Amino acid sequence: QVQLVESGGGLVQAGGSLRLSCAASGSFSSINSMGWYRQAPGKQRELVAAITNSDSTNYADSVKGRFTISRDNAGNTVFLQMNSLKPEDTGVYYCKWVVITFSIAYDCWGQGTQVTVSS
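**Student:** It is not clear to me how the pairing of strand β4 (residues 30–39) should be interpreted in this structure. Could you clarify?
**Tutor:** β4 sits mainly inside the fold: 7 of its 10 residues count as buried. With 9 bridges connecting them, β4 and strand β9 (residues 91–101) associate as antiparallel partners. Across the sheet, W36 pairs through a bridge with C95, a residue of β9. Sheet analysis places β4 next to strand β5 (residues 46–52), joined by 6 bridges and oriented antiparallel. Residue pairing for β5: G35 is matched across the bridge by A50. Counting the residues between successive antiparallel strands, the hairpin from β4 to β5 contains 6 residues, one of them, G42, with a positive phi of roughly 75°.

**Student:** Explain the state of the cysteines to me, please; I cannot follow it from the model alone.
**Tutor:** The tally for this structure, following the rule as stated, stands at 1 disulfide. Note that C22 is cross-linked by a disulfide to C95, the S-S spacing being 2.0 Å. On the sign convention where negative means left-handed, the S-S torsion of about 50° between C22 and C95 marks this disulfide as right-handed. Highlighted residues: C22 in strand β3 (residues 18–25) and C95 in strand β9, separated in sequence by 73 residues. Residue classification places C22 among the buried positions, given a relative accessible area of 0%. Residue classification places C95 among the buried positions, given a relative accessible area of 0%. Looking at C108, it has no disulfide partner, and the nearest cysteine sulfur is the one in C95, 9.5 Å off.

**Student:** Teacher, can you tell me more about the nonpolar core here?
**Tutor:** Looking at soluble globular proteins, one finds that nonpolar side chains tend to be buried together. One finds W36, L80, M82, Y93 and W97 to be the most contacted residues of the largest nonpolar core, which totals 28 residues. The set of elements that each furnish at least two residues to this core consists of β3, β4, β5, β7 (67–71), β8 (77–82), β9 and β11 (113–118). Counting residues per element, this core draws most heavily on β9, at 4 residues.

**Student:** Is there a simple way to think about the packing of aromatic side chains in this case?
**Tutor:** How two aromatic rings sit relative to each other is set out by the distance from centre to centre and by the angle between their planes. Taken as a whole and assessed by the stated rule, the structure comprises 2 aromatic pairs. Geometrically, the ring pair formed by Y94 and W109 is edge-to-face, given 6.5 Å between the ring centres and 80° between the ring planes. Residue Y94 is found in strand β9, and its partner W109 is found in strand β10 (residues 104–109); the two are separated by 15 residues along the sequence. Given the relative accessible area of 36%, W109 is considered partly exposed. One aromatic cluster is present, built from ring pairs that chain together Y37, Y94 and W109. If you follow R45 out to its NZ or CZ, it ends over the ring of Y94, 3.7 Å from the centre. The ring of W109 carries the charged tip of R45 above its face, separated from the ring centre by 4.7 Å.

**Student:** Help me understand the side chain of S33, please; the structure alone is not making it clear to me.
**Tutor:** Here S33 shows up in strand β4. Taking the relative accessible area as the measure of exposure, S33 reaches 16% and is therefore buried. Apart from the residues within four sequence positions on either side, S33 is in contact with I51, T52, K96, W97 and V98.

What counts and what doesn't
- For every chain, the first residue of its written sequence is number 1, and the numbers climb from 1 along that sequence.
- The predicted nature of this model means local features are confined to residues of pLDDT at least 70 and side-chain atom pairs, given and counted, to a pLDDT of 80 or more, with totals for whole chains, interfaces and linings taken over all residues.
- By convention in this description, side-chain values take in all heavy atoms of the structure and omit both hydrogens and water.
- Accessible area is worked out with a 1.4 Å probe on protein chains only. A residue is then buried under 20% of its type maximum, exposed over 50%, and partly exposed in between.
- A helix here means a DSSP run of H or I that spans at least four residues, while a strand means a run of E at least two residues long, and both kinds are numbered starting from the N terminus.
- Two strands are said to pair when DSSP picks up at least two bridges between them.
- What counts as a disulfide here is a pair of cysteine sulfur atoms lying within 2.5 Å.
- Residue types Ala, Val, Leu, Ile, Met, Phe, Trp, Tyr and Cys, when buried and joined through side-chain atoms within 4.5 Å, form a set referred to as a nonpolar core.
- In summary, the pairing rule links any two rings of Phe, Tyr or Trp, Trp by its six-membered ring, whose centres are within 6.5 Å, and it sorts them by plane angle into stacked for under 30 degrees, edge-to-face for over 60 and tilted for everything else.
- Two thresholds decide whether a charge sits over a ring: the Lys NZ or Arg CZ must be within 6 Å of the ring centre and within 35 degrees of the ring normal.
- It only takes one pair of heavy atoms within 4.5 Å for two residues to be counted as in contact.

In structure tokens:
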């Protein structure tokens with residue numbers, strides 16, 4: 001079973017930066033993709049950024065040019081560098097990995113980390 005643990009959230013003023021991390025424990029054969037989602041109060045969870053096992057990236061239009069998703073060389077940690085933060089970036093940020101075990105793909109979610117951007 002794979003467990004994901006996010007860290008790096010917090011309170012920051014508009015224009016500031018935060019770096020989120022998501023580390024995995026447990027066993028799996030391979031990773032298909034890693035992503036960051038966020039959920040603001042009263043809104044649906046939305047994709048913020050994703051990176052595939054070939055390092056192809058995808059970003060929500062609202063964060064392009066401000067956020068950068070990356071992963072470490074070992075492939076066990078994914079990061080989200082968030083710059084020029086805006087109040088509308090406030091929400092709970094979740095990481096999601098699609099892992100492959102015995103040729104079956106599974107979605108694995110972290111518990112979430114709160115990001116609050118004050119104006």
